[in-house]
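Examining the three-dimensional arrangement
For reference, the chains in residue letters:
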Amino acid sequence: MQFQWYPGHMTKAKRQMQEDIKLIDIIIELVDARIPLASRNPDIDELGKNKLRLILMNKSDLSDERKNQEWTDYFRTKGYFVVCLDARSKAGMKPVTAAIVEACREKIERDKKRGIKNRPVRAMVVGIPNVGKSTFINSYAGRACAKTGNKPGVTKGKQWIRLNKEVELLDTPGILWPKFEDQRVGLYLALIGSIKDALLNTDELSLELIELLKRSYPGVLAKRYGSEEQAFCEEAAAADVLRQIAENRKCISKGNELDYSKAAALLIEEFRSGKLGRITLELPKRAEQ
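Just so you know, these numbers come straight off a predicted model, no measurement behind them.

Turning next to the nonpolar core. By size, the foremost hydrophobic cluster in this structure holds 66 residues, and its most contacted members are Leu 54, Leu 56, Val 96, Ile 100, Phe 136, Tyr 140 and Leu 169. Look past the residues within four positions of Tyr 140 in its chain and what remains in contact with it is Met 93, Val 96, Thr 97, Ile 100, Leu 163, Val 167 and Leu 169.

On to the packing of aromatic side chains. In the structure shown here, the tally under the stated rule is five aromatic pairs. On the numbers, 5.4 Å between centres and 85 degrees between planes, the contact of Trp 71 with Tyr 74 is edge-to-face. Taken together, the positions of Trp 71 and Tyr 74, both in helix 3 (residues 65–77) and three residues apart, correspond to about one turn of that helix. For the pair Trp 71 and Tyr 74, one class covers both residues: buried. When the centroid spacing of 5.3 Å and the interplanar angle of 25 degrees are considered together, the rings of Phe 136 and Tyr 140 count as stacked. With Phe 136 and Tyr 140 both in helix 6 (residues 133–141), this residue pair falls four residues apart, about one helical turn. Its relative accessible area of 0% is what places Phe 136 among the buried residues. Residue classification places Tyr 140 among the buried residues on the basis of a relative accessible area of 11%. Every member of this aromatic cluster is reached through a ring pair, and the members are Trp 71, Tyr 74, Phe 75 and Tyr 80.

Further remarks concern the packing of helix 8 (residues 202–216) against helix 11 (residues 260–272). For the pair helix 8 and helix 11, interaxial distance at closest approach is 8 Å and the crossing angle is 55 degrees. What the angle tells us is that helix 8 and helix 11 run oblique. Here helix 8 runs over helix 11; the crossing is left-handed. Of helix 11, the residues touching helix 8 (which contributes Thr 202, Asp 203, Leu 205, Ser 206, Leu 209 and Ile 210) are Tyr 260, Ser 261, Ala 264, Ala 265, Leu 267, Ile 268 and Phe 271. Per-class residue counts for the contact of helix 8 with helix 11 are nine nonpolar, three polar and one charged.

Let's shift gears to helix 6. By the criterion of burial, helix 6 is predominantly enclosed, with eight of the nine residues buried. What helix 6 keeps buried is the set Lys 133, Ser 134, Phe 136, Ile 137, Asn 138, Ser 139, Tyr 140 and Ala 141. Looking at the buried side of helix 6, the elements it contacts are strand 1 (26–32), strand 2 (52–58), helix 4 (94–103), strand 4 (121–126), strand 5 (159–162) and strand 6 (167–171). Gly 142 lies just past helix 6 and shows a positive phi near 75 degrees.

Thresholds, definitions, all that
- Residues numbered from 1 in each chain as written.
- Predicted model: local features only at pLDDT ≥ 70, side-chain atom pairs only at ≥ 80, totals over all residues.
- Heavy atoms only, no water.
- Core = buried A, V, L, I, M, F, W, Y, C linked by side-chain atoms within 4.5 Å.
- Buried < 20%, exposed > 50% of the residue type's maximum accessible area, 1.4 Å probe, protein only.
- Contact = heavy atoms within 4.5 Å.
- Phe/Tyr/Trp six-rings, centres within 6.5 Å; stacked < 30°, edge-to-face > 60°.
- Helix = DSSP H or I, 4+ residues; strand = E, 2+ residues; numbered from the N terminus.
- Axes fitted to C-alpha atoms, helices over the stretch in contact; angles between N-to-C directions.
- Parallel < 35°, antiparallel > 145°, perpendicular 65-115°, else oblique.
- Left-handed = near helix turned anticlockwise from the far one by under 90°.
- Nonpolar A, V, L, I, M, F, W, Y, C, P; charged D, E, K, R; others polar.

See the structure below:
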């Protein structure tokens, strides 16, 4: 499969980000904890040179807990501040403020020495589509400040949001990059919903997911969709596994035949919602390759 999605508004958003970055003290970048590297826009590193950086590993409630720690350690060795969170939970926001204050400590002290008091830290919130930026902002602010939606492309323009005396946020639209050099990155982004489903072949995408799960999380599919271990073993063809899922979940078309497309959509939805368990598709060691 070939993966690509770069609507025109993303070019405008990138140009605007280049202008706005001069106004901020720290970049808060949300990534999806299930694919922490693939869900990072490489353009942000170039745009954010010489700026403090905080990475929020969102949806860490859906990702493998052990892998969360491995990825946290990986990013910290690269010089980033890191917080794992579920953006839907208001209770998990205290560590974010603590990380921002820690990252900007020198800047805050500098302001005090110059007699500048109570100037909030200005933070730009960035990330790819559907990674949870607006949900995070609303949870952090404790009120609905940003539009949210379980699909990419909801935020179309920038907006400043004053949270408290300490922090002011600049929300930005999610931007992908014009070309995925590695199609594995495109596959991961498609699986978590950062590329519009209407542009994808869901049947093929489900087969790719089955192969990934067989290698990294053997037993997960059998546990969720049936006890016949042989039907879900590593040697089983992905198409046969999908057929087994269709049978076990009674995915039947009008002609009383198995509906593979329905089974494929079911599998992808249950992966995205965490019904298959806590799964991380990408490992830190791959980040070094």
